[in-house]
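Here is how the chains run, residue by residue.
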Amino acid sequence: MSTFDAHYTPAHHFARDADRYAAWERAGLFRPRPAAERFAMILPPLNITGGLHLGHAYEHAISDAFIRHRRMLGAETLWLPGTDHAGIATQALMERQLAAEGTSRHELGRDAFLARTRAWGDMTGETIATQMRRLGMSPDWDRSTYTLDPGPARATHAAFSRLFEQGLIYRAERDTLWCTGCQTGLSDIETTETAGGRICTRCSSRIEIRSTPQWYLATTTLAASARSAFESGQLRIDPPELATEYLRWLDEMRDWCLSRQLWWGHRIPIWYGADGTAHSFGPDEAIPAGWTHDEDTLDTWFSSGLWPLATLGWPEATEDLARYYPNDLLITGSDLIFFWAIRMTMLCTHLTGTAPFKRLYLHGMIRTEHGKKMSTSFGNTIDPLDYADEFGTDALRLALCRRARPGADLSFGRTDLTGALALLKKLWSIARLTTAYGIHLAASTPPEPQEPTHPLDRWLASRLERTRALASAGFEELDLAGTTDALARFMHDDLSDLYLEARKPSLRHDPGSRATLAATLAELLLLLHPIAPYLTEQLWESLAGAGGSSQDALDAHAWPAARPGRLDPEAETDVDRLRRLLHAARSHRAKHGIPAGTMLPGHADGLECSAELLRLARLRPDDTIRDHHAAAILTCGPATLTIGTLPQDAEQPLRRSRTLRRC
RNA sequence: GGGUGAAUAGCUCAGCGGUAGAGCGCUUCCCUUACAAGGAAGAUGUCGGGGGUUCGAUCCCCUCUUCACCCA
């Protein structure tokens, strides 16, 4: 049995957390394990231009909680990570690097430029993976995919060729937004407004309108597919308000300019014959002699739009594709509804006849503590690892999950983190107390409370059942804030503030209270695990008894099942009265300036937990007090708490302070 | 310019037809041996302005104002 420090100090656990993560990975915990039910999700591919910012940590904390929850439910769970080559952003960044070295991509040549950029992307890709590991994220690293990998490259090529064959891709010359710095067209929007000096956000260059030949994708048919995916009920969108936006975008969808005058990206699979004929040969077709390859690359969002297919081996009929397509959930920012989510539903639904995911969770934007947008140009971005270093990974995740509701932006900062850390310290302290009484979590599953008979034991079991229901409902309804808040309140208000304070004297000898605490804490650790994986697992190990399966990761344990038999309205009523009377008694004490340490005489009637009430209210049992010389008579339903006077006040004229009726 | 969302305690946010809620902050008391990044008690709001519907509106409808985001 391990010993507990008096306080939980996150920094003392970093080394152990890292070991634990390595053990999870070694055990293959993040890989899907065949089961009757499946749950698949892709991670929005991370832009290789930089590391993770707080917004990523938010998205990942939500995602990881859902994934771990599904794993505990016993599903065959896939969370597939990946990175995105981010054509224009990466090329602009590399060109700035080259300019600083006094050279240019043209001096370097296309092949050398691509090799250099690829090496750079490999490096940042590694950085991102390291950051995610540090944050305790549990994607299937073995399936990690990069948009320029051979698989996605083939999928991108195949999709383009098919759309070309279907006559949906055409070449046209029309006004296009043109970035003077990157020397490329930018978007699919025809514009009749002069764009003037609007700044290209990627490279800070001037934008102007140019008329150049570009390749376009006709979107009418695809938009219809995306619309029917939603209207048929195949695809559900959270929050529902954003479904309106989704449909509006589809109504207004214009043809999509696919070509970019860049080197970095998927080269457009178009070849030109000697007579100028353009054709898109498929990935398995030989290019006839004399045909030349188009110089341009594809809009990055085209390959990103195929991501649910490209990561699973499409267009081949792979086993992964059969098992994990469509995905069950996609979690991404509401700002990407147009750029990414819709491109996926259009392309994937059109190509396969099935929407790429069953449910779309659009999260809001994370802001500074006072609601300011975070951006590199404001210089107020935050590295989530700085927060993890200061508050611990679990506190960061808990703080983020506690604010996670679909669609809503969140102002987030140190106050949230301090609160989350305080809760984890509380959990630590509860575990420490449990250990001090020699109580263990007896087995790998929580023991049945041995028919709890004490009203406080029955009450705690009842509260736990309600909390479990709320926590589960939050996961089902994508309201992680609801889940987290229910767990935090149970831990703080019910278990710690009331139960432990009231039952502490019994914990040393009463088998009922010992079993109740052991079972409750075990279940609480399981329920909190998807949100705070490191600390819950460590406490699980520390509290496991001799027969416990402390070697098993908590993810391998079952999510607590519903046990409505635990609900006990009578015990809830009784303890609720105890709570109200205790509050009233403390008010009485505060109002009359009687210190908490001073014992007063008192007695309680009509309440099962009267002994606990008297002790918590610091009243010495004395049922000789008569109404006419009581200092206060507090009532709640049939329950009455009578409080006497201080000995030295016994001869004073009697003043009944107040009588409460609350229930 | 178009669209969407938001406006509730000093701050950050829940609630959403029936006497205003939480956390943090604030005031006072307590180092009550699991927890001082703690515990207890307490103060704090014309629920953005104006109309309407209703027996009754923070909640529904209209309108105005302000802020934010996406597209222009």
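Everything quoted here is computed from the prediction, not taken from an experiment.

**Things to note about the overall build of chain A**
Alright, step 1. Within chain A, the regular secondary structure consists of 21 helices and 24 strands.
Alright, step 2. Within chain A, the proportion of its 663 residues that are buried is 56%.
Alright, step 3. For chain A, the accessible area works out to roughly 27,600 Å², and carbon and sulfur atoms hold 51% of it.
Alright, step 4. Taken as two groups, the 72 positive and 83 negative side-chain charges of chain A have centres that lie 6 Å from each other.

**As for the packing of aromatic side chains**
Alright, step 1. Evaluation of the coordinates by the stated rule reveals 21 aromatic pairs.
Alright, step 2. Between the aromatic rings of F4 and W428, the centroid separation amounts to 4.9 Å while the plane-to-plane angle is 75°, which identifies the pairing as edge-to-face. You can see F4 sitting in the segment before α1 (14–26) and its partner W428 sitting in helix α15 (residues 414–436), a full 424 residues away along the chain.
Alright, step 3. For W428, a relative accessible area of 4% translates into the label buried.
Alright, step 4. Their ring planes at 70° and their centres at 6.4 Å tell us that Y387 and F391 sit as a pair that is edge-to-face.

**Description of the sheet that holds strand β16 (residues 330–333)**
The pairing of strands in a sheet happens through backbone hydrogen bonds and is either parallel or antiparallel.
Alright, step 1. Ordered by their spatial adjacency, three strands build an open sheet running β9-β17-β16, and the pairing between neighbours is parallel. Either end of the sheet is taken by a strand with one partner, and the two such strands are β9 (236–238) and β16. Strand-to-strand twist of the sheet, defined as the mean angle between neighbouring strand axes without regard to direction, takes the value 20°.
Alright, step 2. Across four bridges, the pairing between β16 and strand β17 (residues 359–363) is parallel. Bridge pairing links L330 to L360 in β17.

**Topic: unusual backbone geometry**
Alright, step 1. Here D238 and P239 are connected by a cis peptide whose omega angle stands at 0°.
Alright, step 2. Inspection of the secondary structure assignment puts P239 in the loop between β9 and α8 (241–251).
Alright, step 3. For L478, which is not glycine, the phi dihedral falls at a positive 60°.
Alright, step 4. Within the chain, R618 stands out as a residue other than glycine whose phi angle is a positive 55°.
Alright, step 5. For R618, the position within the fold is in the loop between α21 (610–616) and β21 (619–621).

**Remarks on the UniProt feature "domain: Aminoacyl-tRNA synthetase class Ia" (unreviewed entry) in chain A**
Alright, step 1. When the UniProt feature table is mapped onto this chain, "domain: Aminoacyl-tRNA synthetase class Ia" (unreviewed entry) is found at residues 20–276 and 292–411.
Alright, step 2. Between the end C-alpha atoms of residues 292–411 the distance is 53 Å, and the span holds 40% helix and 14% strand.

**Topic: the pattern of salt bridges**
Alright, step 1. Applying the stated criterion across every chain, the model contains 45 salt bridges.
Alright, step 2. We note a salt bridge from E319 to R323, for which the minimum N-O separation is 3.8 Å. Here E319 pairs with R323, and both are found in helix α11 (residues 319–324), just four residues apart, close to one helical turn.
Alright, step 3. Residue classification places E319 among the exposed positions, given a relative accessible area of 59%.
Alright, step 4. Overall, R323 belongs to the partly exposed group, its relative accessible area being 24%.
Alright, step 5. Put simply, R38, E76, E319 and R323 are held in one network by salt bridges that share partners.

Rules and cut-offs
Residues numbered from 1 in each chain as written. Chains lettered and ligands numbered in written order. Predicted model: local features only at pLDDT ≥ 70, side-chain atom pairs only at ≥ 80, totals over all residues. Heavy atoms only, no water. Helix = DSSP H or I, 4+ residues; strand = E, 2+ residues; numbered from the N terminus. Buried < 20%, exposed > 50% of the residue type's maximum accessible area, 1.4 Å probe, protein only. Areas by Shrake-Rupley, 256 points an atom, 1.4 Å probe, with all protein chains shown as cover. Lys, Arg positive; Asp, Glu negative; His and termini not counted. Charge placed at Lys NZ, Arg CZ, Asp CG, Glu CD. Phe/Tyr/Trp six-rings, centres within 6.5 Å; stacked < 30°, edge-to-face > 60°. Pairing = 2+ DSSP bridges. Axes fitted to C-alpha atoms, helices over the stretch in contact; angles between N-to-C directions. UniProt positions renumbered as here; feature names shortened; annotations may be inferred. Salt bridge = Lys/Arg side-chain N within 4 Å of Asp/Glu carboxyl O.

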